[in-house]
Amino acid sequence: MGSVMNAVYNNYLTAYTPKPLTKYDTHKKSELRKVYNSIVKINKEAPWYLPTTSKETQQYAVDIKENARGLRNTIAQLGGLEKDGLFSKKSAYSTDEEVAVASYVGSAKPETDIPDFELDVKSLASPQENLGLFLSDSKTSLTPDTYSFDIGINDMNYEFQFTVGDDESNRDVQERLVRLINNSNIGIQASLAESEERTSLRLTSEASGLPEGKELIFTVSDNHTSKTSGTVEYFGLDYTSRAPSNANFLINGREHSSTSNHFTFDKLFDIQLKGTNEEDNPVRVGLKTDVESLTDNVFHLVGGYNDFVKAASSYLETQSKSRQLVKEMMGIASVYGVSMGSIGLNLEQDGTLAVDKDVLRQTADQADDINETFGYLKNFSNMLLRKSNQVSLNPMDYVERVVVAYKNPGHNFISPYVTSAYSGMMFNGYC
C-alpha cells in the first residue's frame, strides 16, 4: 500500500509542479512529527467541508503548496533558518558560465581563505544512445505474436513484453515500445527519430559516463527472453550509435574525470559543466566579495518572493481565493516598502518586487554596517518563512469550499485519519 500511495503522491509532483529537490527537503523524524502534529492541530477545530473533487482546484492546491516549498527552500539556502544566518551565504563566480556554472556549498564562515582555481574542460560526460533501423511506415513484417526483449541496466534485467497484431505498421509497434519503455522508469528514455519518412527507435540513458568496469550503461538483447524473439534484430535495438563517456577536465593543471557533468570540488564548490573552453583559456572559479555575495542573496530572496506571487496570480481568473493569498503577500512586502525602496526594491502593482540593480549595489558599497543597513530584510524573510510554512501546511485555506458543519469549539477529539481531507494535502514523497 505504501509504495502505491507514494506513486500517487509523486505523480502530483511530476505532473503539476516538477521542482528539483534540495537538502532542505530531507527531514529528521522530529521535524516530520512536528509537521504532522501541526496538521492535526489545524484540523481539530476546523469545520467539516465537502470534499474538493475538481481537478483544476486540486492542481491549484498542489501548485501553491509546491511554490511555498520553493520559497521556503530559497530562504533556507540563504541561511534564513539559522539565527543571524540570513544573507551570510557566500557566492561563487565563474569567468565563463557557458563552460561552467559554480556555486559555493562550503561553510558560511570558513576558517581559512578559499583560493580561486582554474578549470580547463576537455570534454563533457555523455549518455549512451542506441539508434535502431529506420523503417518505413508500412505493415510490419513481424508475424502476429507475443514478443519480448530484455534491457540490462544497473545490474538489473528488465523484460518487456508486447503483442503485434495483424494489420499493425512498423510505426504503430515503435510508438507502443516508446510508451512501454518510458512508462517503466528504468533510467532509459525512448523516442522516435525520423528521416525521409522512415522512423527509428532511439534509446538514450538518463545517466551519463562510463560505469566502473563496464563499457556500456545498458544492453538490449532477446537471446534468452521468455516470449518470441527477433524484435531486437528487426528494429536494430542493440546498435550503440553513441557510447557513454566521462567528463575530462583539469583543475589547476591536474587531470580529473567524472561520470557526470555535475560534481562537487573539495566540498566547497558545486560545479555544473556546460561546455568546453578554448585551449589555453581556462575558466577561473572562486568566491565573490562580501558585497557581491550580499547583493546576490538579495536577488535570490526577491526572486523566490516573485516566483511565489506569480504562481498565485496565475490562478486569479479561476480560483477566487488566490486573490487573498496575493493580497497577503503584498501586505507583507508593504510593511517594509519604504525601507526596501531606499535600497532599490520597489513594490509593483501586481505584488511583485522590482530591483534597481544600480541602487542596490551602490547602497551595499556605501554601507558602513551591512547588517544594520539590510537588517530589516531579515524580518521580511522571517515573515515570508512563516507564510510559506502556513501555506504548506494548509493550502486549502486558499480554496473556495462549502462548509457542511462547524465543530463544537473546545470539545473535539483529534482524528488523525482525516488530516489529508481537511488540510487538503497528502504527505509528499520527499518529506
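See the structure printed just above.
The notes below deal with the structure included here. (Residues numbered from 1 in each chain as written. Predicted model: local features only at pLDDT ≥ 70, side-chain atom pairs only at ≥ 80, totals over all residues. Heavy atoms only, no water.)

A closer look at the nonpolar core
Operational definition: What we call a nonpolar core is a set of buried Ala, Val, Leu, Ile, Met, Phe, Trp, Tyr and Cys residues that are connected through their side-chain atoms within 4.5 Å. Only protein chains enter the calculation, and the probe is 1.4 Å; a residue is then buried if its accessible area is under 20% of its type maximum, exposed if over 50%, and partly exposed in between. Think of it this way: any DSSP run of H or I at least four residues long counts as a helix, any run of E at least two long counts as a strand, and we number them from the N terminus. Should any heavy atoms of two residues lie within 4.5 Å, those residues are considered in contact.
Counting residues in hydrophobic clusters, the biggest one holds 38 residues, and the most contacted among them are Met340, Leu377, Phe380 and Leu384. Counting only elements with at least two residues in this core, the list comes to helix 3 (55–77), helix 6 (290–313), helix 7 (322–335), helix 9 (357–366) and helix 11 (376–393). A per-element tally of this core places helix 6 first, with 8 residues. Apart from the residues within four sequence positions on either side, Phe380 is in contact with Leu301, Tyr305, Ile332, Ala333, Tyr336, Met340 and Leu353. Membership of the second largest hydrophobic core comes to 25 residues, among which are Phe162, Val178, Ile186 and Phe235.

Some details on the packing of aromatic side chains
The geometry of an aromatic ring pair is captured by two quantities: the separation of the ring centres and the angle between the planes. As a reminder, the rule being used: Ring geometry is summarised as follows: Phe, Tyr and Trp rings, the Trp one being its six-membered ring, pair when their centres sit within 6.5 Å, and such pairs are stacked at plane angles under 30 degrees, edge-to-face over 60 and tilted between the two.
Tallying each qualifying case throughout the model produces 11 aromatic pairs. Measuring from centroid to centroid gives 5.0 Å for Tyr234 and Phe235, while their planes differ by 90 degrees, and the two rings are edge-to-face. Overall, Tyr234 belongs to the buried group, its relative accessible area being 18%. One aromatic cluster is present, built from ring pairs that chain together Tyr104, Phe117, Phe265 and Phe269.

Things to note about the environment of Ile217
Structurally, Ile217 can be placed in the loop between strand 10 (198–208) and strand 11 (218–221). Residue classification places Ile217 among the buried positions, given a relative accessible area of 11%. Each C-alpha atom, one on Ile217 and one on Glu206, is 9.6 Å from the other, the two residues being 11 residues apart in sequence. Sequence-distant contacts of Ile217, defined by excluding residues within four places in its chain, comprise Gln128, Gly152, Ile153, Asn154, Ser205, Ala207, Ser208, Gly209, Pro211 and Pro244.

So, the packing of helix 6 against helix 9
Put simply, the test is: An axis is simply a line fitted to the C-alpha atoms; with a helix, the fit covers only the stretch in contact. Between two such axes, the angle follows the N-to-C directions and lies from 0 to 180 degrees. Throughout, the term roughly parallel applies to angles under 35 degrees, roughly antiparallel to angles over 145, roughly perpendicular to angles from 65 to 115, and oblique to all others. The hand of a helix crossing depends on one turn: near helix anticlockwise from the far one by less than a right angle means left-handed, and clockwise means right-handed. Each residue gets one of three labels, nonpolar for Ala, Val, Leu, Ile, Met, Phe, Trp, Tyr, Cys and Pro, charged for Asp, Glu, Lys and Arg, and polar for the others, Gly among them.
Put simply, helix 6 and helix 9 touch, their axes get as near as 10 Å, and they point 135 degrees apart. Here helix 9 runs oblique to helix 6, going by the angle between their axes. In the crossing of helix 6 with helix 9, the sense of the turn from one axis to the other is right-handed. Residues Val291, Leu294, Thr295, Val298 and Phe299 of helix 6 touch helix 9, and the partners they reach there are Lys357, Leu360, Arg361, Ala364 and Asp365. Here the contact of helix 6 with helix 9 is composed, by residue class, of 6 nonpolar, 1 polar and 3 charged.

Remarks on the side chain of Ser91
Mapping Ser91 onto the fold places it in the loop between helix 3 and strand 2 (92–94). By relative accessible area, which is 8% here, Ser91 ends up buried. Apart from residues no more than four positions distant in its own chain, Ser91 is found in contact with Tyr104, Gly286, Leu287, Lys288, Ser293, Asp296 and Asn297.

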